[in-house]
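Each chain, written out:
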Amino acid sequence: MMNSIDDRTLLALMAICFLLLMSVFFIIIIVGLFKKRQSEHRQEKITLQHQYQQEILQAQLEIQNQTLQQIGRELHDNIGQLLSVMSINLDILEEDVSDLKTRSQIIDTSKILQQTIADVRSLSKSLDGDFAKDFGLVDSLSHDLRRIRATGKYQTEILMEGEPYRLDGQKEFVLFRIVQEILTNILKHAEAKTIKVTLHYTPAQFSLTVQDDGKGFDNEAVLGRKMENAGAGLRNIQRRTEMVGGTYIIETARGQGTKIEIQLPIVL
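For clarity, every value in this text was computed on a predicted model and none was experimentally measured.

> Please clarify how the nonpolar core should be interpreted in this entry.
Across soluble globular proteins, nonpolar side chains show a tendency to be buried alongside one another. Counting 34 residues, the largest nonpolar core has F206, L208 and V210 as its most contacted members. Of all the secondary structure elements, the ones that give two or more residues to this core are α4 (137-149), α5 (169-190), β2 (194-201), β3 (205-212), α7 (233-243), β4 (247-252) and β5 (258-265). The contacts of L208, once residues within four sequence positions are left out, are L137, L141, V179, V197, T198, L199, I260, E261 and I262.

> What's the story with unusual backbone geometry in this structure? I'm lost.
Residues apart from glycine generally show negative phi values, whereas peptide bonds are mostly found in trans. With a phi close to 55°, E191 is a non-glycine residue in the positive phi region. One can find E191 in the loop between α5 and β2. E191 sits in the exposed class, given a relative accessible area of 62%.

> Can you walk me through the sheet that holds β5 in this structure?
Remark on secondary structure: sheet strands pair via backbone hydrogen bonds, oriented parallel or antiparallel. Read across the sheet, five strands follow the order β1-β2-β3-β5-β4 without closing on themselves; strand pairing throughout is mixed. Two strands close off the open sheet at either side, each with one partner strand: β1 (155-161) and β4. Each strand of the sheet is rotated relative to its neighbour by a mean of 10°, with strand direction disregarded. Here seven bridges tie β2 to β3, and the two strands are oriented antiparallel to one another.

Conventions adopted
Residues numbered from 1 in each chain as written. Predicted model: local features only at pLDDT ≥ 70, side-chain atom pairs only at ≥ 80, totals over all residues. Heavy atoms only, no water. Core = buried A, V, L, I, M, F, W, Y, C linked by side-chain atoms within 4.5 Å. Buried < 20%, exposed > 50% of the residue type's maximum accessible area, 1.4 Å probe, protein only. Helix = DSSP H or I, 4+ residues; strand = E, 2+ residues; numbered from the N terminus. Contact = heavy atoms within 4.5 Å. Pairing = 2+ DSSP bridges. Axes fitted to C-alpha atoms, helices over the stretch in contact; angles between N-to-C directions.

Bear in mind that shape data such as this cannot, by itself, settle questions of function.
Okay, structure coming up:
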């Protein structure tokens, strides 16, 4: 009789232990599923935030491009036309003037005006984003560097390494705007003498490097400034690089110039 009771007690204890183990097992599964769902939710939230930021950046870029294109057309069509009329009037005036000194001054003014017309046309192309899409990244960057070199204040150079290929038109346009932002920062702040742009092509990756010999800066200090004192240039460069799926590396220090490299994986 005692053995029968002990057996029933043992079975009851085993059943209780089994139920406890199953309960723990189910709790572990539920907790695991809950944590997985939490992780998926956080990832979905990050993805949605990233998509939202990308859409906002794309909209900002399109608005900026439309504005710059409009300015470029106004420069080309209106200002350029007015300058051309002035050039024609100077030519007529030159023929009517007999005084050699005055004629010489008119000729000099006409040369300056012709250079101004050429600069306006060059600038209007630089402002037009379709120029980069139509003629490609290399030609567009070469055009901008020639324009900077023509000021006589800078030595500029563009180099290509590897076998060149075209990128997606939208990516080339964004990269062109990124380099324009970098060049603007150099002209405004760097006090540089030389600017070198290098495009490196490999089957797996495209990289673009802009380097100057200017005064450099403390990158962490610049990025750590308060909103009211912070410039948008570096942040725009980083955000636009991320927009095309690239990474952004900057090497700089005070008195040592600045090197900015953009790396873009090539998806076949």
